[in-house]
Amino acid sequence: MGNLTATRPPQPWTAPTASDPVAATLRLPGSKSMTARALVLGALASGPSTLARPLRARDTELMAGGLRELGAHMSASDDDRWLVRPHPLVGPAHVDVGLAGTVMRFLPPVAGLAAGRVTFDGDPHARTRPLGPLIGALRTLGVRIDTPPTGSLPLVVLGAGRVTGGEVVIDASASSQLVSGLLLAAPRFDRGVVVRHQGPPVPSAPHLRMTVQMLRAAGAAVDDTTPDVWVVEPGPLTGRGWEIEPDLSGAAPFFAAALVTGGEVTLQGWPRSSLQPVEQLRELLHRMGGEVTLGTDGLTVRGTGTVRGLDADLSDVGELTPVLTALTLLADGPSRLTGIGHIRGHETDRVTALAKEFAGLGADVTETPDGLEIRPRPLRGGTFRTYADHRMAHAAAVAGLAVPGIEVDDVTCTSKTMPEFPALWSGMVTGKN
């Protein structure tokens, strides 16, 4: 008999509207990017590692699950402290990547180091996310991979227990993760790796800097002094303790709420020195009318109630595009966001999705090849589709602060990086946080 308990479609979520300036002090979950990298480095190290205050969400649990499938020992019973014990990597194994770019790009190089067959697949849309340049690079470095003609998921890595390594040329203009995936595993390659990027600029440069800094913190020798060239020497990685910062991209909608409502939001636990692009976010929010300060109580954003238009190249911080787009719709003048063609290959085509869904609420949004042009005008309520993309839900929530009646078709997609989002957001708006 078939399954009689069909999955119910998610119930729409009405984005709460703010009647007063928000005033909230929050402690948000850890950085997805840092958690993912620390898990990989821990699994490849010569001794145990711990992650303090990691992110527990779908993407990071998929990463931990994939590494566990490959043989690493993971203990995540304590939400605030995860333990990683390296162990010989072996197949056969199956890695579910879900819709996580980090998993589909960071773990195939690791699988090349495993002895045995490792299969990869994930959610249907994962098969459309850019992966071809990484597959080609791994083949050049000596890894056997079987893929469909499209050069995408599902794929099979026929691990030999070692990877020769060496020099490779790659076009990483679709995603910096294509480079990070090679670099993270490279210390375990026989010859390390020299990665040369050729093509349009690599987006999300701060994420590449995070990869390099975390590799060095784990004992790897990395040379990134030549633009678009990364050299990682072969050698052991050291197990260590990782202090995971709060997630900056996850904090962006909460900071945006301060601007929209003329309120104040403080994110607790923010470090004095960050691996994330906090300076870029500080500048963007300042240009839009916010005041950003770092004090002993955390990172605080204050708004005046007036949001200014923005003309900005977001190529380094494309993850912020959905939230910034929502802010520009509520601004006092037109905006132009450029340098974000690469986010068409994220969880959904974010450029098209943002233009389409906000137009459905009455917005004047023009899609360009690498960005969006926004001319503010009054918005109305209506259904806002997320396309299973957590950042789309964040954008709808920000707009909903000022526009009553925005119905988000599936807010559960925020579990990808912040399962607590709906409760935290509603608590902030109602003053119950």
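Above this text you will find the structure in question.
Cut-offs and rules
- Residues numbered from 1 in each chain as written.
- Predicted model: local features only at pLDDT ≥ 70, side-chain atom pairs only at ≥ 80, totals over all residues.
- Heavy atoms only, no water.
- Pairing = 2+ DSSP bridges.
- Helix = DSSP H or I, 4+ residues; strand = E, 2+ residues; numbered from the N terminus.
- Axes fitted to C-alpha atoms, helices over the stretch in contact; angles between N-to-C directions.
- Contact = heavy atoms within 4.5 Å.
- Phe/Tyr/Trp six-rings, centres within 6.5 Å; stacked < 30°, edge-to-face > 60°.
- Lys NZ or Arg CZ within 6 Å of the ring centre and 35° of its normal.
- 1 Å grid on protein atoms, 1.4 Å probe; cavity = no way out; pocket = protein on both sides within 12 Å on 5 of 7 lines; lining within 4 Å.
- Points joined across faces, edges and corners; volume = space filled by probe spheres on them.
- Nonpolar A, V, L, I, M, F, W, Y, C, P; charged D, E, K, R; others polar.

1. Some words on the sheet that holds strand 18 (residues 311-313)
Spatially, 18-19-21-20 is the arrangement adopted by the four strands of the open sheet, whose pairing is mixed. Each of the sheet's edge strands pairs with one partner strand only, and the pair in question is strand 18 and strand 20 (364-368). Neighbour-to-neighbour, the strand axes of this sheet turn through a mean angle of 10 degrees, independent of strand direction. Sheet analysis places strand 18 next to strand 19 (residues 335-338), joined by three bridges and oriented parallel. Note that in strand 19 the partner of D311 across the bridge is R336. Running over the sheet, helix 9 (residues 321-329) touches strand 19, strand 20 and strand 21 (371-375) and is turned about 20 degrees from strand 21.

2. A word on the packing of aromatic side chains
By the definition in use, this model includes five aromatic pairs. Among the aromatic residues, ring-to-ring pairing joins W13, F254, F421 and W425 into one connected group. If you follow R240 out to its NZ or CZ, it ends over the ring of W242, 4.2 Å from the centre.

3. What to know about the layout of surface pockets
In this model, the largest pocket occupies a volume close to 380 Å³. L28, P29, G30, R53 and P54 are the residues nearest the centre of the largest pocket, which is lined by 18 residues in total. The computed volume of the second largest pocket comes to approximately 210 Å³. Considering the residues around the second largest pocket, the lining is formed by 14 residues, among which S173, P201, P203, G339 and H342 are closest to the centre. Here the residues of the lining of the second largest pocket are counted per class, giving six nonpolar, six polar and two charged.

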